[in-house]
Amino acid sequence: MKKNNNLLKQKLEYHYKAFDKSKISPDPLEFLHRYNNSNDIEISGILSALFAFGNIKQIMLILEKIHKLMGKHPYDFIINFNKEKQLKKFENLYHRFYSSEDIISLFLALKEILINYGSLKYLFLLYYFEKDEDLKNSIYFFNRNITSVINKYSNPTTGTKFMFPDPAKGSACKRLNLFLRWMVRKDELDFGLWEEIPTSKLTIPLDTHIAKISKELKLTNKKIVNWSMAEEITKNLKIFDENDPIKYDFALCHIGMRNQEF
């Protein structure tokens, strides 16, 4: 078993290093790298993560539209967002479960949060407790808070409910964990803007690609793609890097997406 673990670690480390900045595309993370300002990166990050579901081509198309709409400074666009003035530009903006009204409600909620807290980080840190082994509780409260703000601007819809799911109900919360990876980790790909949170508390952003390759690598025995599976995969990745287990996420995901050999 130890020999197998050593071989797996070697392969994980190889792929982690191989998937550098030159191999980002296609990935929502590309959009964050357009900006230098931490506030702009954070806003680009939450939006890029929230729309990161479905076909990768569709994801990249909708995110291109959103970022073109926001321009050079997403933070300023959100802070100054005016529904009446911007309504026409949002008419044909939708993505799978998200209607144009859902997206407008999200923008209004983000504006209120930025005005009240200054950044998403400071809202998240309200619910971060060092004693917790991971960020499950933090995600629960963060998602619940943002959802309550969104619901001030529209009645709950399938889209707005989907945006910020509940890990306590079993959701793997892939998109929020992806956003947290970008914000907490720091390397050539990720930004490390939220220095208050250690990388050891991150949970892998679990999707079908990660689930499939994790089963093949025996990182999980579970069958259902949920929070419990994400926990198990993360725990097993800690065997190879106790302090930064999620550093392997990008490579594992893209090996799956591109149907490459591990």
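Note that the structure is predicted; figures quoted are calculated from it, not measured.

The rules behind these values
Residues numbered from 1 in each chain as written. Predicted model: local features only at pLDDT ≥ 70, side-chain atom pairs only at ≥ 80, totals over all residues. Heavy atoms only, no water. Salt bridge = Lys/Arg side-chain N within 4 Å of Asp/Glu carboxyl O. Buried < 20%, exposed > 50% of the residue type's maximum accessible area, 1.4 Å probe, protein only. Helix = DSSP H or I, 4+ residues; strand = E, 2+ residues; numbered from the N terminus. Polar contact = N/O pair within 3.5 Å; in protein donor to acceptor, adjacent residues only side chain to side chain. Contact = heavy atoms within 4.5 Å.

A.B. asks: Honestly, the pattern of salt bridges in this entry has me stumped. Any pointers?
C.D. replies: Scanning the entire structure with this criterion turns up 14 salt bridges. Across the salt bridge formed by aspartate 187 and arginine 185, the nearest N and O atoms sit 2.9 Å from each other. On the accessibility criterion, aspartate 187 (23% relative accessible area) is partly exposed. With a relative accessible area of 2%, arginine 185 lands in the buried category. For aspartate 241, the salt bridge is made with lysine 247, and the minimal N-O distance between the two is 2.9 Å. Comparing aspartate 241 with lysine 247, the two get one shared label, buried.

A.B. asks: I'm lost on the side chain of glutamate 13 in this one. Help?
C.D. replies: Within the element layout of this structure, glutamate 13 appears in helix α1 (residues 2–18). For glutamate 13, a relative accessible area of 15% puts it in the buried group. One polar contact links glutamate 13 to tyrosine 248, side chain to side chain, over a distance of 2.6 Å. Look past the residues within four positions of glutamate 13 in its chain and what remains in contact with it is Phe240, Lys247 and Tyr248.

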